[in-house]
Amino acid sequence: MTIGQAEAYLDALAETFPEALFQGLNGGVNLLEESLPDGEFPEGEMYILGEYCDDLLGRYINLYYGSFAALAEKEGWDRAVWEEELKTTLSHELTHHMEARGGLHALDDRDGTELAAWRAEYGL
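Residues numbered from 1 in each chain as written. Predicted model: local features only at pLDDT ≥ 70, side-chain atom pairs only at ≥ 80, totals over all residues. Heavy atoms only, no water.

Draft legend 1. Broad picture of the overall build of the chain. Scanning the chain from terminus to terminus reveals four helices and three strands. Tracing the chain from N to C terminus, the helices and strands come up as α-β-β-β-α-α-α. For 124 residues, the compact-globule estimate of 2.2 N^0.38 gives 14 Å, and the chain sits close to it at 15 Å. On the principal axes, the C-alpha backbone points of the chain span a range of 40 × 35 × 25 Å. Burial statistics for the chain: of 124 residues in total, 31% are counted as buried. Look at the contacts in the chain between residues 6 or more apart in sequence, and 65% of them connect residues 24 or more apart. Entry remark: accessible area of the chain is about 7,300 Å², with carbon and sulfur atoms responsible for 52%. Put simply, the chain has 7 plus and 26 minus side-chain charges, and the middle of one group is 5 Å from the middle of the other. (Helix = DSSP H or I, 4+ residues; strand = E, 2+ residues; numbered from the N terminus. Rg over C-alpha atoms; globule rule 2.2 N^0.38 Å. Buried < 20%, exposed > 50% of the residue type's maximum accessible area, 1.4 Å probe, protein only. Contact = heavy atoms within 4.5 Å. Areas by Shrake-Rupley, 256 points an atom, 1.4 Å probe, with all protein chains shown as cover. Lys, Arg positive; Asp, Glu negative; His and termini not counted. Charge placed at Lys NZ, Arg CZ, Asp CG, Glu CD.)

Take a look at the structure:
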C-alpha cells in the first residue's frame, strides 16, 4: 500500500467513526512518512505504529506509515492486513484520546503490561 492509498483509506475510515471521538483532537490524525523503530528492541523487531500526543501543540494522533511499511514487508501483508492494522491502530489511539479526556488510563496500563511482556520475551 502506498502512502497515498493509506491516506485515502484513513480518510474514509475516519468517516465511519462517531464524530464525538474526534472532539478535542485539535491536531487531528496525521499519517507521517517516517518509521519509528523502538530502540529498546533489536533492529527491525519492534516498531511504533502510532501514538496519541497531548502536548504544547495540542491533542493529536500520529500514525507512522514507514513503520507499517516495514512490518508489511517483513511479514508479507496484503491489502486486507494493511487495512486491518491501520484500523486497529487508529482505534487504539482514539481510545487513548478518549481516556485522556476522561482522566482514565486503563489502556496505558494495558500497553505497559504488554510492553513488559515483550521486553521479557527479548530478555531486556
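Draft legend 2. Spotlight on the pattern of salt bridges. Going through the model one piece at a time under the given rule, you end up with five salt bridges. For Arg119, the salt bridge identified is with Glu40, shortest N-O distance 2.6 Å. Placement of Arg119 in helix α4 (residues 106-121) and of Glu40 in the loop between β1 (29-32) and β2 (50-55) is noted, with a sequence separation of 79 residues between them. Exposure remark for Arg119: the relative accessible area of 25% places this residue in the partly exposed category. (Salt bridge = Lys/Arg side-chain N within 4 Å of Asp/Glu carboxyl O.)

Draft legend 3. Layout of the nonpolar core. Residues Leu10, Ile61, Phe68, Trp82, Leu86 and Leu90 are the most contacted members of the largest nonpolar core, which totals 21 residues. Of all elements in the fold, only α1 (3-14), β3 (58-64), α2 (65-75) and α3 (79-102) reach the threshold of two or more residues within this core. Discounting chain neighbours no more than four positions away, the residues touching Trp82 are Met1, Tyr65, Phe68, Ala69, Ala72 and Trp77. (Core = buried A, V, L, I, M, F, W, Y, C linked by side-chain atoms within 4.5 Å.)

Draft legend 4. Spotlight on the sheet that holds β3. Taken in spatial order, the three strands of this open sheet run β1-β3-β2, and their pairing is mixed. A strand with exactly one partner marks an edge of an open sheet, and here the two such strands are β1 and β2. On average, each strand axis in the sheet is inclined to that of its neighbour by 25 degrees, with strand direction left out of account. Here six bridges tie β2 to β3, and the two strands are oriented antiparallel to one another. Following the sheet pairing, Cys53 is matched in β3 by Tyr60. Contacts between α3 and the sheet are confined to β1, β2 and β3, with β3 contributing the most and set at about 160 degrees to the helix. (Pairing = 2+ DSSP bridges. Axes fitted to C-alpha atoms, helices over the stretch in contact; angles between N-to-C directions.)

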